[in-house]
Structure formats: structure tokens, C-alpha cells
Amino acid sequence: MNDSMSIFHLIINASTVVQLVMLILTVGSILSWIVIFQRSFVIRRARRAHQAFEERFWSGIDLNELYRETPSEQETVGAEHVFRAGFREFNRLLPKTRSPQSILDGVQRSMRVAWSREEERLTLHLVFLATVASASPYIGLFGTVWGIMGSFQSLSMAQQATLSTVAPWIAEALIATAMGLFAAIPAVIFYNRLSSESSKLLGKYEDFAEEFHSILHRNLQGRADSDAA
Amino acid sequence: MAKHERRVGYGLPAILAIGLHALVVVISVISLPSSEVESPSSSIVQATLISTETATDQAQRAQEARERAAARQAEEEARAAEEAARQAEEQAERQAEQQRAQAEAERQEAQHEREAARLQAEEEARRRAEAAEQQAQRREEEAERQRQEEEARRQAEAERQRQEEEARRQAEAERQRQEEEARRQAEAERQRQEEEARRQAEAERQEEEARRQAEAERQRQEEEARRQAEAERQRQEEEARRQAEAERQRQEEEARRQAEAERQRQEELARRAAEEAASRSLAQAIEGESESVANARQAEEAANSFINLVRSAVEQAWMIPAGSNQGAVVTVSVQLGPSGELLGASVSQSSGDSAFDQSALQAVRRAEPFSELRRMPATAQREFRQFNLRFQPGDVR
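All values reported here derive from a predicted model rather than from experimental measurement. (Residues numbered from 1 in each chain as written. Chains lettered and ligands numbered in written order. Predicted model: local features only at pLDDT ≥ 70, side-chain atom pairs only at ≥ 80, totals over all residues. Heavy atoms only, no water.)

(A) Broad picture of the side chain of Arg39 of chain A. Mapped onto the fold, Arg39 of chain A is located in helix α2 (residues 16-57). Notably, Arg39 of chain A is buried but unbridged: the nearest opposite-charge side chain belongs to Glu118 of chain A, and the N-O separation is 9.0 Å. Here the side chain of Arg39 of chain A touches Leu122 of chain A through a polar contact of 2.9 Å, landing on its backbone oxygen. If near-sequence neighbours (up to four positions away) are discounted, Arg39 of chain A is found in contact with Arg121, Leu122, Thr123, Leu124, Leu126 and Leu194 of chain A together with Tyr10 of chain B. (Helix = DSSP H or I, 4+ residues; strand = E, 2+ residues; numbered from the N terminus. Buried < 20%, exposed > 50% of the residue type's maximum accessible area, 1.4 Å probe, protein only. Lys, Arg positive; Asp, Glu negative; His and termini not counted. Salt bridge = Lys/Arg side-chain N within 4 Å of Asp/Glu carboxyl O. Polar contact = N/O pair within 3.5 Å; in protein donor to acceptor, adjacent residues only side chain to side chain. Contact = heavy atoms within 4.5 Å.)

Laid out in C-alpha cells, this is it:
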């Protein structure tokens, strides 16, 4: 096939530095796409799990029963994790202290920790996407500049400088920029999209934590009233 | 909720990402196959016109120098001949101009002469007529004088007659006396008178004759003078015309002769130059058969050098398509203009691979201005206006 001017041949014939740059960009692109896919799956599942958990939570089920049904803490994610952390802390503190305020404080702290872990889990590798999005155009540009430098160096040794002698070098050099942009554009788009999705989910978790906290507070308030009575 | 769903692994995303990139690469490879050929590989282009025989470069250079010298000499000669021709032309022109001026002057002169002759003739005629008139007058005066004399004589005669009559009358008496004598005398007298009258008539006639003669003489002289003037004028005119004609002919003859001489001189010069060149070439030929063989080789070598230059230029510009067959050969027919510009390139023998053929054509077009052609000898240039180039990929990676 007459494809020695194709991207494949240009990459093969490029100088080592440009090839290295291209390799970095390719790896970065592949990794960013892995992150994109992985994050997309994670967030979609988290959203579904959150919907399912909220349905169950607000279905009027007994909280102890719900706590028992949920799996152990390492495997829970999202709002379920927050609920488990809070409820476990509530159950542990309830026999030890009579002050509802200290129980609620402990529950809130525990839920904040769980929320913070959920945040860490959801935004995992998104920073990598941001890095790829911002850095790969520069890396590609570096490759292009290096390639054009090489082309002009070889041009100075050529007998006659026609466009046809410069063109392959320029094309080869420009491939690096193209690859940088190819890696950066999806990374930018998906970084924005995934970070907004995750912050939306985290907001939902926060809302749930507040609601759960208010339920526990109501519960403790009722028991304090009954104790006082 | 199922536990296995809680963890999202990296295997599937990695597969998806790599698959995506592979897809992109495949699409780019499929969508770009018709684009340009790029291969700075050291390929070999062979031109079919070449003989691989090698000869010394010195001989070629000597030949070139000789040819250059000959060309320069011929050029100089041509320039000299041109110069000479121009000079001759100028000279002829100048001569013609001169002749024209001369002819003009002569014509004017002739006119002057004619005028002068006419004036002279008129003057002459007038003078002659005057002279004739004077002569006639003189003659008339003479005649008058004669007449007067005659008159006087006649008067005297009449007197004498009267006296004689007187005498006769006187002698009447005497006549009676001497009647016989008287009668005889009378008779004599009558005879004499008759004679006298006859003589007088004769004189009268003679006078008339003289007058007529004078008139005739005058007319004749006038006629003569006129004729002479006319003849003189005609003669002079004739003379002037003949002279002008002769002068013109002479000058034309002169110019023609000069032009002829000039032409002959130039021809002579050209012939001598040609002879010289011939003798030189003969001398060169005599220099040795090996030399002539070397010359032939040098011509070929000049061709070779040009072809080599073309070949290297085309080779540099040629980018062999990557997937082309190693054994593919394409022959490209190239037509060049006088200054080495490409007039046309066509595939005369295809390799069967159109991309390969196109790459060869493009190589020729890229290498286009074969300005080396101008440095070649003129005779060789004509040969290399059209040649074939054989493209064969050599050591392509």
C-alpha cells in the first residue's frame, strides 16, 4: 500500500526524541482513556447504587435491619457507606454516653470521615485526567519543535531545499502535536464531565448524611424526652 | 445489591481504551493511503540511454574546450562577416547616396548647361539675325547707292539725250544735211538706247535679284542660326544626358563591382575559414584514430555526465512507494525544452503498479529544471531534448 506518508510510517521514521514524545503521549492517551472508562463505570454504578439505597432507606425499613442487611464496611460505597459508618458509631456510642450531643457529634464525625473517603474514591485518577489534559499539548508541541529542528538541520545538508524535501519532516513533526491534542481533548472533556458528576454525587451523599443525622437526632431527642419523663 | 458489582476493575477500561486507540489508528491508516510517498532511501534510477563505458574526463574537457573555441571563432567570424556586410551595405548606401547626389548635381548642371546653351543659342541667333539684318541693310544701302548711281547715270543720260536731241534738233538742219548720217546716228542711237534700256532692265532685274538674294540669304542665315542653335542645344543636351548616363552607369558599375568584390572577399574569407576549420578538423582527425574513438567516447561521456546529473537529481526527488515491488521497473519518456525545463513526461513502459509509475513521474517533475542541459554542446543538446529514464528501486529498506 502506498502509505509511507501515513501516520504509521511517519512515526516509524521519526527521530528518537520525537518517537519518545509520541510514546509518552500514546501512553498518556491510553491511560487517560482507561481512567475515563473506569470513572464512567464507577460513577454510573455509584449513581445507581445511591438510587437503590435511597429507595430502600426511605421505604420505611427499620434502620437496624437495614444495617444488618448491608455488607461489611470495606465493600460498601456511597451513601450506604456513610449510613453504615454513622449508624455503627451511633450504636457504639449509645450505651457509653447519655449525652445526645456527644453521640451526635461522634456520628457526624464518623459520617464526615466516610464522606471524605467516598470523595477520595470518586475523584480518584481525575487529577491524572486533568494532568493529561493540560500537559499533553505542551508535550506534543515539544515533539513538533524538536522534529522541525531536526528537519532544518537535515535541510542544511541537502543540495536543494524544495518543499518535497521539507514536507515529510514537517508532517512527521506535526504528528506529535496532533497526538498531544488527541490525548488532551478527550481528557479535558471527560475531566469536566466526571468531576461535575462526582461532585453532584458527593452533594447527594452530603444531603443524605444531613438527613440521617437529623433522623438520629430526632431519635435521640425522643429517647431523652422519654428518659426525662 | 450484588457484592461483585461494587468494585470496578481496570481490565475492562484498559481493553476499551486500547481498542479505541487501535480503532483510531486503523481509521487513520485506512483514510490516508492515497497520500504522498516519502522515502529518502538510496534508490537507483537507471537511464537506458547510457553506455557504461568510461573515458577520461580530460579528453572530454579538451573536446569541449575545442568545441567552445570553434564555436567562439565561428561566432566571431560570423560577427566579422556581419560587420563587413554591414559596412559594405553602408558603403553601398553611401555610394548610392553620393551617386544620387551626383546625378542630382549633374542633372542640375545639365539643366544649367541646357539653359545656358539655350540662352547662348538664343543670343547667338539674335546676334546672327542682327548681323544678317545689318548685312541686309548694308546690301540694301548698296543697292540704293547703285540705284542712285544708276539714276544719276540715267539723268545724265537723259541730259545727254536731251542734249543730243538738242543737238539733233540743232542738227535737224544739219540732218537734212546729213540725214543719212543722222539716221544712221539715230539708228545707232536707238540701238544704243535699246541696249541701254535693256541694260537698265537688266540692272533693275539684277537689283531685284540682289534683294531677293539678300532676303533669301537672311532667311537662310536665320534658319541656319536657328538650326545651329537647335542643333547646338540638342547636342549639348544630348551630351549632358549621355554624360549623366555614363556617369550613372559608371557609378553603378563601380558600386556593383565593389559589392561584388566585397562579396567575393567575404566568400573568400568564409571559404578560407571553412578550409581552415576543415584542415583543422582534418588535422584533428589525423591526430589519431584513438583520438577519434576517444572523441566518440567523450561525446558519450558528455551525455553520460548529463544523464548522471539528471539521474542524481531525479533520484533525490524520487520517493519510492513503500509497498512497491522490488523488481518493478518503469520507463519514463522525458522531453526537455532548450533551457532544460520539462516539457512533458510520460510513462512509456509501465511497471503495472500505477502508484509506482506516478512516483517516477513525480520524481521527474520535482527534479524539473535540468539547467545542466544549457552547459552541454549545442549538438548534444538536441539529442538530449528527449530521453528515457528507467526507474528501478534498488536498495529500498
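So that's the structure; there's more coming.
(B) Local environment of unusual backbone geometry. Residues and elements named next belong to chain A. Within the chain, His125 stands out as a residue other than glycine whose phi angle is a positive 70°. With respect to the helices and strands, the residue His125 is situated in the loop between α5 (100-122) and α6 (126-157). Judged by its relative accessible area of 31%, His125 falls in the partly exposed class.

(C) Region of the structure containing the UniProt feature "transmembrane region" (unreviewed entry) in chain A. Residues and elements named next belong to chain A. As annotated by UniProt and renumbered to match this structure, "transmembrane region" (unreviewed entry) occupies residues 6-37, 126-149 and 169-191. Between the end C-alpha atoms of residues 126-149 there is a gap of 35 Å, over a span that is 100% helix and 0% strand. A distance of 34 Å separates the end C-alpha atoms of residues 169-191, which is 100% helix and 0% strand. (UniProt positions renumbered as here; feature names shortened; annotations may be inferred.)

(D) Structural detail: α5 of chain A. With 23 residues, α5 of chain A should cover 33 Å at 1.5 Å per step; its first-to-last C-alpha distance of 32 Å lies within 8% of that length. Those residues of α5 of chain A lying buried are Ile103, Leu104, Gly106, Val107, Ser110, Met111, Ala114, Trp115, Glu118, Arg121 and Leu122 of chain A. (Expected span 1.5 Å × (residues − 1).)

(E) Seen up close, the pattern of salt bridges. Within this structure, the stated rule accounts for 31 salt bridges over all chains. A single network of salt bridges, built from pairs that share partners, joins Arg47, Arg193 and Glu197 of chain A.

(F) View of the side chain of Ser333 of chain B. Along the polypeptide, Ser333 of chain B turns up in strand β2 (residues 330-336). In this view, Ser333 of chain B contacts Gly344, Ala345, Ser346, Ser348, Gln386, Phe387 and Asn388 of chain B; residues no more than four positions away in its chain are not counted.

(G) Spotlight on the packing of α2 of chain A against α6 of chain A. Residues and elements named next belong to chain A. In contact at an axis separation of 9 Å, α2 and α6 are set at 160° when each is read in the N-to-C sense. With respect to α6, the axis of α2 lies roughly antiparallel. Crossing hand, α2 versus α6: left-handed. Of the residues in α6, those touching α2 at Val17, Val18, Val21, Ile24, Leu25, Gly28, Leu31, Ser32, Val35, Ile36 and Arg39 are Leu126, Phe128, Leu129, Val132, Ser136, Ile139, Gly140, Phe142, Gly143, Trp146 and Gly147. In terms of residue class, the contact of α2 with α6 is built from 15 nonpolar, 6 polar and 1 charged. (Axes fitted to C-alpha atoms, helices over the stretch in contact; angles between N-to-C directions. Parallel < 35°, antiparallel > 145°, perpendicular 65-115°, else oblique. Left-handed = near helix turned anticlockwise from the far one by under 90°. Nonpolar A, V, L, I, M, F, W, Y, C, P; charged D, E, K, R; others polar.)

(H) Here's a closer look at the pairing of β2 of chain B. Residues and elements named next belong to chain B. In terms of burial, β2 is a largely internal element, 6 of the 7 residues being buried. One ladder, built from 6 bridges, connects β2 with strand β4 (residues 386-392); its direction is antiparallel. Bridge pairing in β4 places Val334 opposite Phe387. The sheet contact formed by β2 and strand β3 (residues 342-349) spans 6 bridges and is antiparallel. From the neighbouring strand, Thr331 faces β3, where its bridge partner is Gln349. Hairpin connection, β2 to β3: the antiparallel pair is bridged by 5 residues, and Gly340 has positive phi, about 95°. (Pairing = 2+ DSSP bridges.)

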